[in-house]
2 protein chains.
Amino acid sequence: MLQRKKNAVLVDGVFLNGPIADARAGEKFVEDACKIIMEEVIQKAADVTEKVCEWQPPEKLKKLLDLEMRDTGEPHQQLLQLCQDVIRYSVKTNHPRFFNQLYAGIDYYSLVARFITEALNPSVYTYEVSPVFLLVEEAVLKKMIEFIGWNEGDGIFNPGGSVSNMYAMNLARYKYCPEIKEKGLSGLPRLVLFTSEECHYSMKKAASFLGIGTQNVYFIKTDERGKMIPEELEKQVQRARKEGAAPFLVSATAGTTVLGAFDPLDKIADICEKYGLWLHVDASWGGSALMSRKHRKLLHGIHRADSVAWNPHKMLMAGIQCCALLVKNNSDLLKKCYSANASYLFQQDKFYDVSYDTGDKSIQCSRRPDAFKFWMTWKALGTTGLEERENRALALARYLVDEIKKREGFRLLLEPEYANICFWYIPPSLRNMKEGAEFWEKLHHVAPVIKERMMKKGSMMLGYQPHLGKVNFFRQVVISPQVRREDMDFLLDEIDLLGRDL
Amino acid sequence: MLQRKKNAVLVDGVFLNGPIADARAGEKFVEDACKIIMEEVIQKAADVTEKVCEWQPPEKLKKLLDLEMRDTGEPHQQLLQLCQDVIRYSVKTNHPRFFNQLYAGIDYYSLVARFITEALNPSVYTYEVSPVFLLVEEAVLKKMIEFIGWNEGDGIFNPGGSVSNMYAMNLARYKYCPEIKEKGLSGLPRLVLFTSEECHYSMKKAASFLGIGTQNVYFIKTDERGKMIPEELEKQVQRARKEGAAPFLVSATAGTTVLGAFDPLDKIADICEKYGLWLHVDASWGGSALMSRKHRKLLHGIHRADSVAWNPHKMLMAGIQCCALLVKNNSDLLKKCYSANASYLFQQDKFYDVSYDTGDKSIQCSRRPDAFKFWMTWKALGTTGLEERENRALALARYLVDEIKKREGFRLLLEPEYANICFWYIPPSLRNMKEGAEFWEKLHHVAPVIKERMMKKGSMMLGYQPHLGKVNFFRQVVISPQVRREDMDFLLDEIDLLGRDL
């Protein structure tokens, strides 16, 4: 609306006087919406009598939601109704029975940090615009480096474990041959990297994105528990050398996505040393075990890594996303590799110590203060509180394993070493069948049907997948401190209830 | 704390019974913290009597903040105090006099969307876990594609304009030679891309990250307004061909970072057509002009682009980050280029239409629902409301330009065509000096001192930089609808007040 108050100036057909945003109406909307968020999301988060999801197929949901963006804006009440609808039809990842991904549950402290972040709307690149968040990031990185077991190091928070892995791959490449930054890969020998066949799919994405090529990812065989076999690694390194290629990186996994396996880091580090290869550890999922004195042995040898990816948004519940790439080298390698020295942002004649302007270490320009979320939770729980969560999640996983072993119709895929419990549910009709091709073919179709039924009912959410020749099985993961032992019992009861007629 | 209630089970030294998180205490903390956020951030956002920043140098701020993460957690009141401190010492990017970056101000609607996002904590990759947010993203992309002027298209929200540019570069490369995805760049001719010398620094970062190399970015000369000169582009394309290199991409800029210049898209598109090059338009900053019938001519020819980067978190105030990469090709190019087909996440035997599982188009695995923030603002304001904001910001910029021309001691760097107003403040001591080397050398030191003084006073924040041979000058940008004409007057008065003794 045009404003024609005293002192108004007409420029380019626009009357300029006072703000055009109505702050009072805006604040009222925030207040009313916060009430809805509090009641519909936060207060219901721990309540198992609520549904995990209100399933609607895509075409129907499009009709239920008023998605269209129109020429004129919608009124206050209608916008609040939209908020209600968005919440209603969204999956409640906070729910104690949401087991579908490697994040779940609600952490009230990181949530507050996230609200503060959104309200302040900072971007973390220079100290002048993000003084607090840059110092917080520095403090958190330092602490994470300590838990890895390095004496010093560097790092950067970034949007996802996949991106962290890309950072590491580029860094290893830069260390191998710094000229690539300027000259590119054209005309160079073929770079080759090694990772296990159980690695996260981001390794392939990274290799293609970075111009290395997916064929130059050599996948190393794993043992029956999903761990990289060091002897196989060495063979492949030798093979690459014989081919005239340039091996430069081994990416070990600490906590694989499906099986939750930990590669033998110490033995892999020996091979990396012997052949002069950068050792990256993708501990996006398993890194949180470092917080537990009982379980950190799973990552034995991690201090020998050159870089580590670790996502506190998974088991440590910092909220999506909270991911650090940590680097042992403290001689500014990260900055040398990534800097572009933009003079409009990273002026060198500022009145403060510009070494705090860490944004040039990043592939991003704007960057969110993700470290802050983790920091707030750490402040609230203390190291012992985080350790307790970790221990309890793994104890609950152990409890579930024991229950699966006791119950008819449930079969473990393998004895887990972490929080991933992979198992089949074998319905009564298949229990006496010979385990030939027909059995596996039939079993393959069981999990998808049970999944469909649980989602339509909204009682829980649990992932399934086929994996390396194994037919569809369930993968259960325990993360949230809202989860009770009874929820583990419920999980098995519910699968049996939903699948016993199959 | 160990729990020894009825039915407790001891596993691995942990008593399992009930949740360990105290939901009531958590909810209370969220409530109390929200009150602080409301009072200290949101209600003060439009108040010019508040300070923009409470400057403290790094070492002192470290002492003022209790950064250390300890073994035991902190109590409720202390955590609330931490929240207060974080807010107090953070820069108020919402403030009507924060002009330091290409984002500013507060948008109450996107803020609510962000609160909802944080409370629901979704990850956008599969329809089963993010039904609402995937549909919203689809709707927003469709609308943005419409505003670009394409009949159809594809796209993906991602963490930043820099990352969007990387996406485009990789996509252009894939189109040029799909085998690179698997085989990499080794053994291929040198790929070369073209962009103006005024482009964003992310082009260099992208070229080095993608293994293309910064030397293979050919920077094209710009005219006196900062626009790419098409004739120079054609010469460079021919040069690259003569060198035996493989030209594959032109990245034009619509709204350069410092000068706010728009490259002549239509003429550049002619050259791209002639030589078979992918045309990417980095409209991260200038894309919002598409919302204005009055100003969209700045991007004349954008419909001929193959891809566009556009950040609604800048002028359209969706909150950091909200960035789309849009692609004209609708034959699944994005998916073909980026997919890794992870079977644990993108199962093909789901019970719904898996074409809604768009996550495999992304370089990320977890991904935030950034489209939702923009959607909420669009719903609240309507297209006309967004257009009004855009028009008003540019009218305010025009007003400031006129004021700068009127006032003694202020000098425009160039006549702006967008919201970037670049100018020098010439203090009285320099006003009668001959404009030789000494004059420019002295003028170079003026802006940093004024910047230091304004930050220590906390009265406003404004960026400065040297740029392509020009000594330090101020860059003012108007974005927020909370900004009034009086704030433009204040800006010039304040610079004069802070700098007249220099």
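Residues numbered from 1 in each chain as written. Chains lettered and ligands numbered in written order. Predicted model: local features only at pLDDT ≥ 70, side-chain atom pairs only at ≥ 80, totals over all residues. Heavy atoms only, no water.

- Named according to an unreviewed UniProt entry, chain A is Acidic amino acid decarboxylase GADL1 isoform X1 originating from Alligator sinensis.
- One UniProt comment on chain A, placed under Subunit (unreviewed entry), says "Homodimer."
- Looking at the Cofactor (unreviewed entry) heading of the UniProt record, one finds this comment for chain A: "pyridoxal 5'-phosphate". (UniProt positions renumbered as here; feature names shortened; annotations may be inferred.)

Quick word on the sheet that holds strand β3 (residues 98-99) of chain A
Residue and element names in this part refer to chain A.
Now for step 1: The strand order across the open sheet formed by five strands is β3-β13-β14-β12-β11, and the pairing between neighbours is mixed. Each end of this open sheet is capped by a strand with a single partner; those strands are β3 and β11 (410-412).
Now for step 2: As paired elements, β11 and strand β12 (residues 420-425) share three bridges and run antiparallel to each other. Across the sheet, Leu 412 pairs through a bridge with Phe 423, a residue of β12.
Now for step 3: Here helix α14 (residues 446-457) sits on the sheet and contacts β12, β13 (461-467) and β14 (470-477); the angle it forms with β13, its principal contact strand, is near 160°. (Pairing = 2+ DSSP bridges. Helix = DSSP H or I, 4+ residues; strand = E, 2+ residues; numbered from the N terminus. Contact = heavy atoms within 4.5 Å. Axes fitted to C-alpha atoms, helices over the stretch in contact; angles between N-to-C directions.)

Overview of helix α13 (residues 437-444) of chain B
The periodicity of an α-helix, 3.6 residues per turn, causes residues three or four positions apart to be oriented the same way.
Residue and element names in this part refer to chain B.
Now for step 1: Taken together, the buried positions of α13 are occupied by Phe 439, Leu 443 and His 444. Looking straight down α13, one finds that the buried residues subtend no more than 135° of arc, so they occupy a single side.
Now for step 2: Buried residues belonging to α13 abut β12 (420-425), α14 (446-457), β13 (461-467) and β14 (470-477). (Buried < 20%, exposed > 50% of the residue type's maximum accessible area, 1.4 Å probe, protein only. Arc of directions from axis to C-beta.)

Topic: the sheet that holds strand β4 (residues 154-158) of chain B
Residue and element names in this part refer to chain B.
Now for step 1: Spatially, seven strands are ordered β4-β10-β9-β8-β7-β5-β6 in an open sheet, and the strand pairing comes out mixed. Here the strands that pair on one side only, and so sit at the sheet edges, are β4 and β6 (217-220). Going from strand to strand, the sheet's axes swing by 20° on average, the running direction of each strand aside.
Now for step 2: Both strand β5 (residues 191-196) and strand β7 (residues 246-253) contribute to a ladder of five bridges, which runs parallel. Residue pairing across strands places Leu 193 opposite Leu 249, the latter belonging to β7.
Now for step 3: Sheet strands touched by helix α10 (residues 265-275): β7 and β8 (278-282). Its angle to β8, the strand with the most contacts, is close to 155°.

Focus: the domain arrangement of chain A
Interfaces are often sized by the amount of accessible area the parts lose when they come together.
Now for step 1: If you check the domain split of chain A, you get domain 1 (10-92) and domain 2 (122-371).
Now for step 2: Domain 1 of chain A and domain 2 of chain A are separated by 38 Å when their C-alpha centres are compared. (Domains from an automatic or database assignment.)

So, the interface of chain A and chain B
Now for step 1: Taken together, the contact between chain A and chain B spans 183 residues of the former and 184 residues of the latter.
Now for step 2: Taken together, the two surfaces of chain A and chain B that pack against each other cover about 16000 Å², and 63% of this comes from carbon and sulfur.
Now for step 3: At the surface where chain A touches chain B, the tally comes to 14 salt bridges.
Now for step 4: Among the salt bridges present, the one from A:Arg114 reaches B:Glu118, with a minimum N-O distance of 2.9 Å.
Now for step 5: The tally of links between chain A and chain B comes to 88 residue pairs in polar contact (both at pLDDT 80 or more).
Now for step 6: The leading source of residues in the side of chain A that touches chain B is helix α12 (residues 371-406) of chain A, at 18 residues. (Buried area = accessible area lost by both parts, 1.4 Å probe. Salt bridge = Lys/Arg side-chain N within 4 Å of Asp/Glu carboxyl O. Polar contact = N/O pair within 3.5 Å; in protein donor to acceptor, adjacent residues only side chain to side chain.)

A word on the packing of aromatic side chains
For any pair of aromatic rings, the description consists of the separation of the ring centres together with the inter-plane angle of the planes.
Residues and elements named next belong to chain A.
Now for step 1: For the coordinates displayed, the defined rule picks out 54 aromatic pairs over all chains.
Now for step 2: With 5.3 Å between their ring centres and 75° between their planes, Trp 285 and Tyr 418 make a pair best called edge-to-face. Separated by 133 residues along the polypeptide, Trp 285 in the loop between β8 (278-282) and β9 (307-310) and Tyr 418 in the loop between β11 and β12 bring together distant segments of the chain. Neither Trp 285 nor Tyr 418 differs from the other in exposure class; each is buried.
Now for step 3: Consider the rings of Trp 424 and Phe 473, whose centres lie 6.2 Å apart with planes at 80°: the pair is edge-to-face. Here Trp 424 is found in strand β12, whereas its partner Phe 473 is found in strand β14, with 49 residues between them in sequence. (Phe/Tyr/Trp six-rings, centres within 6.5 Å; stacked < 30°, edge-to-face > 60°.)

Comments concerning the packing of helix α6 (residues 161-176) of chain B against helix α8 (residues 202-209) of chain B
Residue and element names in this part refer to chain B.
Now for step 1: The N-to-C vectors of α6 and α8 enclose an angle of 50°; their axes lie 9 Å apart at closest approach. On the basis of their axis angle, the class for α6 and α8 is oblique. As for the relative orientation of α6 and α8, their crossing is right-handed in sense. Of the residues in α8, those touching α6 at Ser 162, Asn 165, Met 166 and Met 169 are Ser 202, Met 203, Lys 205, Ala 206, Ala 207 and Phe 209.
Now for step 2: Considered class by class, the residues forming the contact of α6 with α8 number six nonpolar, three polar and one charged. (Parallel < 35°, antiparallel > 145°, perpendicular 65-115°, else oblique. Left-handed = near helix turned anticlockwise from the far one by under 90°. Nonpolar A, V, L, I, M, F, W, Y, C, P; charged D, E, K, R; others polar.)

As for the UniProt feature "modified residue: N6-(pyridoxal phosphate)lysine" (unreviewed entry) in chain A
Residue and element names in this part refer to chain A.
Now for step 1: Here the UniProt feature "modified residue: N6-(pyridoxal phosphate)lysine" (unreviewed entry) sits at Lys 314.
Now for step 2: With respect to the element layout, Lys 314 can be found in the loop between β9 and β10 (323-327).
Now for step 3: Apart from the residues within four sequence positions on either side, Lys 314 is in contact with Leu 102, Ser 284, Trp 285 and Ile 479.

Here's the deal with helix α1 (residues 23-42) of chain B
Now for step 1: For α1(B), the complete set of buried residues consists of B:Gly26, B:Glu27, B:Phe29, B:Val30, B:Asp32, B:Ala33, B:Ile36, B:Ile37, B:Met38, B:Val41 and B:Ile42.
Now for step 2: For α1(B), the secondary structure elements touched by its buried residues are α1 (23-42) and α4 (108-120) of chain A together with α3 (76-89) and α4 (108-120) of chain B.
Now for step 3: Regarding α1(B), its N-cap is B:Asp22, as a side-chain oxygen of that residue lies 3.1 Å from the backbone nitrogen of B:Arg24 further along.

Observations concerning the confidence of the model for chain A
Now for step 1: Averaged over all residues, the pLDDT of chain A is 95; the fraction at 70 or higher stands at 99%.
Now for step 2: In the model output, the complex is listed with pTM 0.97 alongside ipTM 0.97. (pLDDT = per-residue confidence, 0-100.)

Points about the environment of B:Phe439
Now for step 1: In this structure, B:Phe439 sits in helix α13.
Now for step 2: Its relative accessible area of 1% is what places B:Phe439 among the buried residues.

Quick notes on the relation of the copies chain A and chain B
Now for step 1: Under the fitted operation, chain A is carried onto chain B by 0.0 Å of movement along the axis and a turn of 180°, and the coordinates agree to an RMSD of 0.0 Å. Seen this way, the second copy is the image of the first under a two-fold rotation axis. Within chain A, the C-alpha atom positioned nearest to the axis of rotation is that of A:Leu210, 2.0 Å from it.
Now for step 2: Take the interface residues of chain A: 100% of them recur as interface residues in chain B, which is what a same-surface contact looks like. (Least-squares fit on C-alpha atoms with pLDDT ≥ 70 in both.)

A look at the pattern of salt bridges
Now for step 1: Enumeration according to the criterion identifies 97 salt bridges over all chains in this entry.
Now for step 2: Linking A:Arg500 and A:Asp496 is a salt bridge whose minimum nitrogen-to-oxygen distance equals 3.1 Å.
Now for step 3: Judged by its relative accessible area of 46%, A:Arg500 falls in the partly exposed class.
Now for step 4: Bridged by salt links that share partners, the residues A:Arg114, A:Glu118, A:Arg368, A:Asp370, A:Lys373, B:Arg114, B:Glu118, B:Arg368, B:Asp370 and B:Lys373 form one connected network.

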